[in-house]
Amino acid sequence: MIRDDFVKTLYNRIAVFRAERGVSRRELSEAVGVNNQTIGYLERGDYKPSLELAMKIADYFGVPIELLFSFRPFESVAETLRRAAAAGDQPL
């Protein structure tokens, strides 16, 4: 029996990283060994990746897994930019 408090939504920023790096779903899927539809399902939150797949995707982008996946919603890019501008930070 699965307790409701253990079932969590898994958020991800795969689409953001793909767009930033100019990578298609097909390119990413081939690199990590899955069907390109799987990447779409992941991005929409319709599918939770195995730990192995999540690690392969993080490795592909060269980032820690926590930058791609979280149990808490990620801040929007627009909000991050507004906060950085208010703090006087320069964009990277």
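Here the structure is shown first, and the text comes after it.
Described below are features of the structure shown in this document. On a predicted model such as this, the values are computed, not experimentally measured, just so you know.

**Quick word on the layout of surface pockets**
A water-sized probe, rolled over the atoms, reveals where empty space remains. Within this model, the second largest pocket holds a volume of roughly 170 Å³. The wall of the second largest pocket is formed by Leu10, Pro49, Ser50, Leu51, Ala54, Ile65, Glu66, Phe69, Ser70, Phe71 and Phe74. Mapped by element, the contributors of at least two residues to the lining of the second largest pocket are helix 4 (51–61) and strand 2 (69–70). Looking at the lining of the second largest pocket residue by residue, the classes come out as eight nonpolar, two polar and one charged.

**Quick notes on the nonpolar core**
The biggest cluster of nonpolar side chains holds 15 residues, and the ones touching the most others in it are Ile14, Leu28, Ile57, Phe61 and Leu68. At the level of elements, helix 1 (14–21), helix 2 (25–32), helix 3 (36–44) and helix 4 are the ones that each hand at least two residues to this core. Top contributing element to this core by residue count: helix 4, with five residues.

**A short note on empty space enclosed by the protein**
Under the criterion given, the structure shown has one cavity of 30 Å³ or more. Every residue along the wall of the largest cavity is listed here: Leu10, Asn12, Leu42, Gly45, Tyr47, Lys48, Pro49 and Phe69. When the residues that make up the lining of the largest cavity are grouped by side-chain class, the tally is five nonpolar, two polar and one charged.

**Description of the packing of aromatic side chains**
In this structure the tally under the stated criterion is two aromatic pairs. Note on Phe17 and Phe61: the rings are 5.6 Å apart at their centroids and 50° apart in plane angle, and the pair reads as tilted. Within this pair, whereas Phe17 is found in helix 1, its partner Phe61 is found in helix 4, the two being separated by 44 residues in sequence. Given a relative accessible area of 10%, Phe17 falls into the buried group.

**What to know about the side chain of Thr38**
Note that Thr38 resides in helix 3. Classification of Thr38 by relative accessible area gives buried; the value is 17%.

**Focus on helix 2**
Of all the residues in helix 2, the buried ones are Leu28, Ser29 and Val32. Looking straight down helix 2, one finds that the buried residues subtend no more than 100° of arc, so they occupy a single side. Gly33 sits one or two positions beyond helix 2 and adopts a positive phi of about 80°.

**As for helix 3**
Listed as buried for helix 3 are Thr38, Ile39, Gly40, Leu42 and Glu43. N-cap assignment for helix 3: the residue whose side-chain oxygen lies 2.7 Å from the backbone N of Gln37 is Asn35. Looking at the residues trailing helix 3, positive phi occurs at Gly45, about 80°.

Rules and cut-offs
- Residues numbered from 1 in each chain as written.
- Predicted model: local features only at pLDDT ≥ 70, side-chain atom pairs only at ≥ 80, totals over all residues.
- Heavy atoms only, no water.
- 1 Å grid on protein atoms, 1.4 Å probe; cavity = no way out; pocket = protein on both sides within 12 Å on 5 of 7 lines; lining within 4 Å.
- Points joined across faces, edges and corners; volume = space filled by probe spheres on them.
- Helix = DSSP H or I, 4+ residues; strand = E, 2+ residues; numbered from the N terminus.
- Nonpolar A, V, L, I, M, F, W, Y, C, P; charged D, E, K, R; others polar.
- Core = buried A, V, L, I, M, F, W, Y, C linked by side-chain atoms within 4.5 Å.
- Buried < 20%, exposed > 50% of the residue type's maximum accessible area, 1.4 Å probe, protein only.
- Phe/Tyr/Trp six-rings, centres within 6.5 Å; stacked < 30°, edge-to-face > 60°.
- Arc of directions from axis to C-beta.
- Polar contact = N/O pair within 3.5 Å; in protein donor to acceptor, adjacent residues only side chain to side chain.

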